[in-house]
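Remarks on the overall topology
Now for the letters of each chain:
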Amino acid sequence: MKQLRTLGDGALHLLAVSLLLAAGPALAQQGQDLTFSGDGTFNTPHGGQGIQVAVYDVAAGEVVASDSGTVAGMEDPAFSFTFSGVLEEGRLYDVHYWIDSNFGKGSEGSCDPVDVDHQWRVALIDVDGPVEIEVSHNPDQQAPVCSSFE
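Counting restarts for each chain: residues are numbered from 1 in the order of the written sequence. Since the coordinates come from a predicted model, pLDDT governs what is reported: local features require at least 70, and pairs of side-chain atoms require 80 or more to be given and counted, while whole-chain, interface and lining totals use all residues. In computing side-chain values, all of the structure's heavy atoms are included and hydrogens and water are not.

Side-chain rings of Phe, Tyr and Trp, where Trp is taken by its six-membered ring, are said to pair if the distance between their centres is within 6.5 Å; with planes under 30 degrees apart they count as stacked, over 60 as edge-to-face, and otherwise as tilted. Overall, the coordinates contain eight aromatic pairs when judged by the stated rule. Here Phe36 and Tyr97 contribute two aromatic rings whose centre-to-centre distance is 4.9 Å and whose plane-to-plane angle is 65 degrees, an arrangement assigned as edge-to-face. A residue pair is termed long-range when its members are at least 10 positions apart, and Phe36 in strand S1 (residues 32–38) and Tyr97 in strand S5 (residues 93–99) qualify at 61 residues. Both residues of the pair, Phe36 and Tyr97, belong to the buried class. When the centroid spacing of 6.2 Å and the interplanar angle of 45 degrees are considered together, the rings of Phe79 and Phe81 count as tilted. Like Phe79, the residue Phe81 is buried in the burial classification. Going along the chain from the N terminus, every DSSP run of H or I of four or more residues is numbered as a helix, and every run of E of two or more is numbered as a strand. Throughout, exposure labels follow a simple rule: accessible area from a 1.4 Å probe, protein chains only, divided by the maximum for the residue type, with under 20% read as buried, over 50% as exposed, and the rest as partly exposed.

In terms of nonpolar packing, the biggest core is built from 25 residues, with Leu34, Phe36, Phe42, Phe79, Leu87, Tyr97 and Leu124 touching the most fellow members. Of all elements in the fold, only S1, strand S2 (50–57), strand S4 (79–87), S5, strand S6 (118–124) and strand S7 (131–135) reach the threshold of two or more residues within this core. It is S4 that provides the largest number of residues to this core, a total of five residues. Not counting residues up to four positions away in its chain, the partners in contact with Phe36 are Val53, Phe79, Ser80, Phe81, Val95, Tyr97, Val122, Ile133 and Val135. Here the nonpolar core consists of buried residues drawn from Ala, Val, Leu, Ile, Met, Phe, Trp, Tyr and Cys, with membership extended through side-chain atoms lying within 4.5 Å. Should any heavy atoms of two residues lie within 4.5 Å, those residues are considered in contact.

Right, dumping it as C-alpha cells:
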C-alpha cells in the first residue's frame, strides 16, 4: 500500500497564518460606500428632470464613479444614489451633480451653464467609514461641474 505524505501540524498552522496575512491587505483596501440623496425640496423645481451624479477623486483629478436618474415629483428623497466601495479612507472626494433643467434654453441631455442647468459640488473630507449625505435644493450655492460629465 502506498503511503501519502502529509503536512505536519506545524506546517499547516504556518500555511494558515500565511494565508490570513496575505488576505489582510486585500481586506483593508476595500472601499467605503457612499449614499447620496436629495430631499423633497428638489421636487417642485426639478420633478421629472434628469439628474447625473459623479464621485470625483480630487487628488487624482478624475471621476471614479457616476450614475444618473430622474428627480421624483413628490417622493422624499427626491433622488438617491448608492456607490458601493467607491471611497478610500484618507482621500479627498467631491460629489458633482447637475439637473437637466434647461431654464429658458439649453440642450436636453447635455450639461449646460449654471444659469441653464442647476449644478452643485459637495466636498467629502475625512472619509473613515461609510458616508451618507442628504442635500437640499439651494440654487445660491451652485458650482460649475459640467467638465465631470464630458
